[in-house]
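Now for the letters of each chain:
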Amino acid sequence: MATQTRDKPSGLSVIEGVFINRELDYRGIVQDQTELICRFNPQKKLVFVNDAFCSYIRKKRQDLIGKGFIYFLHTQDCKKFEELLSSLDLKNPVAAAEHRIKHSNGDIRWLQWTHRAIFDDRGILEFQAVGRDMTERIMAERALRESEDRYRRLIAKMFNGFALFEIICDRDGKPWDCRFIEVNPSFGEITGVNTEEVVGRTLRDIFPETKQSWINACARVAFKGKPLQFKKSFNQIGKDLEVLAYSPIKGQFATVFTDVTERVKMEMALRERENNFR
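Computed from a predicted model, the values in this text were never measured in an experiment.

The rules we used
- Residues numbered from 1 in each chain as written.
- Predicted model: local features only at pLDDT ≥ 70, side-chain atom pairs only at ≥ 80, totals over all residues.
- Heavy atoms only, no water.
- Helix = DSSP H or I, 4+ residues; strand = E, 2+ residues; numbered from the N terminus.
- Buried < 20%, exposed > 50% of the residue type's maximum accessible area, 1.4 Å probe, protein only.
- Contact = heavy atoms within 4.5 Å.
- Areas by Shrake-Rupley, 256 points an atom, 1.4 Å probe, with all protein chains shown as cover.
- Salt bridge = Lys/Arg side-chain N within 4 Å of Asp/Glu carboxyl O.
- Pairing = 2+ DSSP bridges.
- Axes fitted to C-alpha atoms, helices over the stretch in contact; angles between N-to-C directions.
- Expected span 1.5 Å × (residues − 1).

### Concerning the overall build of the protein
- Within the protein, the regular secondary structure consists of 9 helices and 10 strands.
- In the protein, which comprises 278 residues, the proportion classed as buried is 36%.
- Residue pairs at least 24 apart in sequence account for 43% of intrachain contacts in the protein once pairs closer than 6 positions are excluded.
- For the protein, the exposed area adds up to about 18,200 Å²; of that, 52% sits on carbon and sulfur atoms.

What follows is the structure, encoded as structure tokens:
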């Protein structure tokens, strides 16, 4: 009886099987990721998208494969995208950038993409892109920048003097000085101090006669958050100031002050006249 023999798989078949299994393992892992992952060929046509990509774009996989990756980008970001891909080579195969995409609901969303060029012996075989939505973070940062710009414009135009400080404590945690973080132009006009030389220096460096009691009072504002309002004669600058101190952040305090020197002189003169009539 003739015995049936099974052909032994060739070395090439074994290698192909290994690569197929690895590709299946890779795709299985990628499908489970929450990041948007896709691959596209040198012509920028999609050859693979994971489930997260499909869900985010709200399109079926079969409707995405073969479509140009650039199709999803905001028109103003296409040139930057092309330049980024052109910069990738064997020495620098990975680059990251933020691109806007056109969402299916019409919204413009910001995504941070990491692009990797995949090479074979002939050059670039494919590109892989991994994206994550950064819209909320970017919008928050933009809102913060706009808020800071409005704040600085407001502070700069104030007739009142303004100074923001941080408390400096010694090794035992006791306040002993404070450092200038920011001042406005009116600070210099009222105090006679060059504002360009103030930021980064300490209060005692600028005003050596500052008393510890004043530092302690401001430290209580900075750490306890309770505002303090007072009127005081500052002999070092020869002026009377009306001061409001408050804490925007724990460990810091801001002062808004008005020069009331002339008003104080008038009040003193008025009291003297009243006393003379008695």
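From this point, the narrative continues.
### Here we look at the pattern of salt bridges
- As enumerated under the stated definition, the model contains 16 salt bridges in all.
- The salt bridge partner of Arg100 is Asp77, with a shortest N-O separation of 3.0 Å. Of this pair, Arg100 sits in strand β3 (residues 94-102) while Asp77 sits in the loop between α3 (61-64) and α4 (78-86), and the two are 23 residues apart along the sequence.
- Given a relative accessible area of 16%, Arg100 falls into the buried group.
- Given a relative accessible area of 4%, Asp77 falls into the buried group.
- The structure contains a network of salt bridges with shared partners spanning Glu98, Arg137 and Glu141.

### Examining the sheet that holds β3
- Spatially, β2-β1-β5-β4-β3 is the arrangement adopted by the 5 strands of the open sheet, whose pairing is antiparallel. Every other strand in the sheet has two partners, leaving β2 (46-49) and β3 as the edge strands with one partner each. In this sheet, neighbouring strand axes are inclined to one another by 30° on average, regardless of whether the strands run parallel or antiparallel.
- Taken strand by strand, helix α5 (residues 135-157) contacts β3, β4 (108-120) and β5 (123-133), and its axis lies near 125° from that of β4.

### Some points on the environment of Lys211
- With respect to the secondary-structure elements, Lys211 resides in the loop between α7 (203-206) and α8 (212-224).
- The class for Lys211 is exposed, based on a relative accessible area of 59%.
- A sequence separation of 35 residues divides Lys211 from Trp176, and the C-alpha atoms of the two residues are 9.8 Å apart.

### Considerations on the sheet that holds strand β7 (residues 175-183)
- The strand order across the open sheet formed by 5 strands is β7-β6-β10-β9-β8, and the pairing between neighbours is antiparallel. Two strands in the sheet have a free side with no partner beyond their single neighbour: β7 and β8 (228-234). Sheet twist, expressed as the mean angle between neighbouring strand axes with direction ignored, is 30°.
- When strand β6 (residues 161-169) meets strand β10 (residues 252-259), the two strands line up antiparallel, connected through 6 bridges. Pairing of Leu164 across the sheet is with Ala254, part of β10.
- Across the sheet, α8 lies against β6, β7, β8, β9 (239-246) and β10, angled at about 65° from β7, the strand it touches most.

### Quick notes on unusual backbone geometry
- For Lys44, which is not glycine, the phi torsion reads 70° and is therefore positive.
- Look at Lys44 and you get buried, because its relative accessible area is 17%.
- The backbone of Arg58 sits at a positive phi, close to 65°, despite the residue not being glycine.

### Digging into α5
- Helix length check: α5, at 23 residues, gives a terminal C-alpha distance of 33 Å against a target of 33 Å (1.5 Å per residue), a fit within 8%.
- Among the residues of α5, those classed as buried are Thr135, Ile138 and Ile155.
- Lining the buried residues of α5 we find β3, β4, β5 and β6.

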